[in-house]
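Coordinate inspection notes
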Amino acid sequence: MPERGRFITFEGIDGAGKSSQIAAVVALLQARGCAVEQSREPGGTQLGERLRELLLHEPMHLETEAMLMFAARREHLAARILPALDAGRWVVCDRFSDATYAYQVGGRGLDRAKFEALEAWVHPGFQPDLTLVFDLPPAVAAARVVASGAAPDRFEREQLDFFERVRAAYLERAEQAPRRVRVIDADRPPETVRAEIEGLVLERWFA
Ligand code: TYD
């Protein structure tokens, strides 16, 4: 039996600059000889990507939104994440349940007990091995989203106060699980952020 793979997730408000850093971590792990799968949520499977389309563009009730996030996640865990980890592959994922806590509980005001019930249903006793929360002021992140020129989705169209709440919820999550959830100051040049993240990963698993 191969040693179980590790599960690393990237989190933060829209415009925090996760994407290029995810690619850097995947490259770092591959250079260290790890088999790595890169994925994202909502998404990661054919069904999940179809749910993503709905979640990003279709207006819906807050609880529908939360349940569809977890429905996509259930599929993702069963079809990709858990089989990969069992086979010794590492999984690097753009967002996971911390995003549901931050966006749906923090941002939209979903009842925390409902979130906890869904989390306990979909992945009891299972959490990422390491979660990197990209933290920066929402105004800075919003400027990055505008500068990207892409049409904003349903979440990206939210106002700054929504992202203030999302940010606070991420920081709360980090306080509750400080070893798993590491806060990265994302309001710095990408090379600086990258060096910190690479240092963290190397220290945790390759020292
Ligand atoms: P994101 O992953 O940031 O993709 P892109 O960089 O292509 O915009 O976008 C996904 C959006 O979905 C993001 O705004 C956060 C939101 N989201 C939730 O609200 N809850 C969740 O549980 C997840 C996984 C994502």
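Below: a short report on this structure.

Moving on to the packing of aromatic side chains. Enumeration according to the criterion identifies 13 aromatic pairs in this entry. Between Phe10 and Phe134, the aromatic rings sit 5.8 Å apart at their centres with planes inclined by 45 degrees, giving tilted as the arrangement. Here Phe10, found in strand β1 (residues 7-12), pairs with Phe134, found in strand β4 (residues 130-135); they are 124 residues apart in sequence, far enough to count as distant. Judged by centre distance (6.3 Å) and plane angle (80 degrees), the ring pair of Phe96 and Phe126 falls under edge-to-face. A residue pair is termed long-range when its members are at least 10 positions apart, and Phe96 in the loop between β3 (90-94) and α4 (97-107) and Phe126 in the loop between α5 (112-122) and β4 qualify at 30 residues. A relative accessible area of 0% places Phe96 in the buried class. Residue class for Phe126 comes out buried when judged on its relative accessible area of 14%. By the ring-pair criterion, three or more aromatic residues cluster together here, those being Tyr103, Phe155, Phe162, Phe163 and Tyr170. Lying over the aromatic face of Phe70, Arg73 brings its terminal NZ or CZ to 4.7 Å of the ring centre.

This part is about the site of the ligand. In the neighbourhood of the ligand, 16 residues make up the surrounding shell, with Asp14, Arg52, Arg95, Thr100 and Gln104 lying closest. Contacts to the ligand include Asp14, whose side-chain N or O atom sits 2.9 Å from an oxygen atom. Glu156 is positioned with one of its side-chain polar atoms (N or O) 3.2 Å from an oxygen atom of the ligand. Calculation on the ligand without its partners gives an accessible area of 550 Å², and the protein chains cover 87% of this total. Looking at the shell around the ligand, the elements with two or more residues in it are α2 (46-57), α3 (62-86) and α4.

Bringing the pattern of salt bridges into the picture now. Inspection of the entire model under this criterion finds 21 salt bridges. Note that Asp135 is salt-bridged to Arg167, the shortest N-O span being 2.8 Å. Highlighted residues: Asp135 in strand β4 and Arg167 in helix α7 (residues 160-176), separated in sequence by 32 residues. Given the relative accessible area of 13%, Asp135 is considered buried. The exposure class assigned to Arg167 is partly exposed, which follows from its relative accessible area of 22%. When the shortest N-O distance is used, the salt bridge between Arg188 and Glu196 registers 2.4 Å. On the basis of relative accessibility, which here comes to 25%, the residue Arg188 falls in the partly exposed class. The exposure class assigned to Glu196 is partly exposed, which follows from its relative accessible area of 31%.

Pairing is parallel in the open sheet, where five strands are placed in the order β2-β3-β1-β4-β5. A strand with exactly one partner marks an edge of an open sheet, and here the two such strands are β2 (36-40) and β5 (181-185). Direction aside, neighbouring strands of the sheet carry axes that sit 20 degrees apart on average. Across five bridges, β2 lies against β3 in parallel orientation. Directly across from Glu37, in β3, lies its bridge partner Val91.

Summarising the element assignment, His123 is placed in the loop between α5 and β4. Exposure remark for His123: the relative accessible area of 4% places this residue in the buried category. For the pair His123 and Ser97, spaced 26 residues apart in the sequence, the C-alpha separation amounts to 9.4 Å. In this structure, His123 is in contact with Phe70, Arg73, Leu77, Phe96 and Ser97, ignoring residues within four places of it in sequence. One polar contact links His123 to Ser97, side chain to side chain, over a distance of 2.6 Å.

Rules and cut-offs
Residues numbered from 1 in each chain as written. Predicted model: local features only at pLDDT ≥ 70, side-chain atom pairs only at ≥ 80, totals over all residues. Heavy atoms only, no water. Phe/Tyr/Trp six-rings, centres within 6.5 Å; stacked < 30°, edge-to-face > 60°. Helix = DSSP H or I, 4+ residues; strand = E, 2+ residues; numbered from the N terminus. Buried < 20%, exposed > 50% of the residue type's maximum accessible area, 1.4 Å probe, protein only. Lys NZ or Arg CZ within 6 Å of the ring centre and 35° of its normal. Near = heavy atom within 4 Å. Polar contact = N/O pair within 3.5 Å; in protein donor to acceptor, adjacent residues only side chain to side chain. Areas by Shrake-Rupley, 256 points an atom, 1.4 Å probe, with all protein chains shown as cover. Salt bridge = Lys/Arg side-chain N within 4 Å of Asp/Glu carboxyl O. Pairing = 2+ DSSP bridges. Axes fitted to C-alpha atoms, helices over the stretch in contact; angles between N-to-C directions. Contact = heavy atoms within 4.5 Å.

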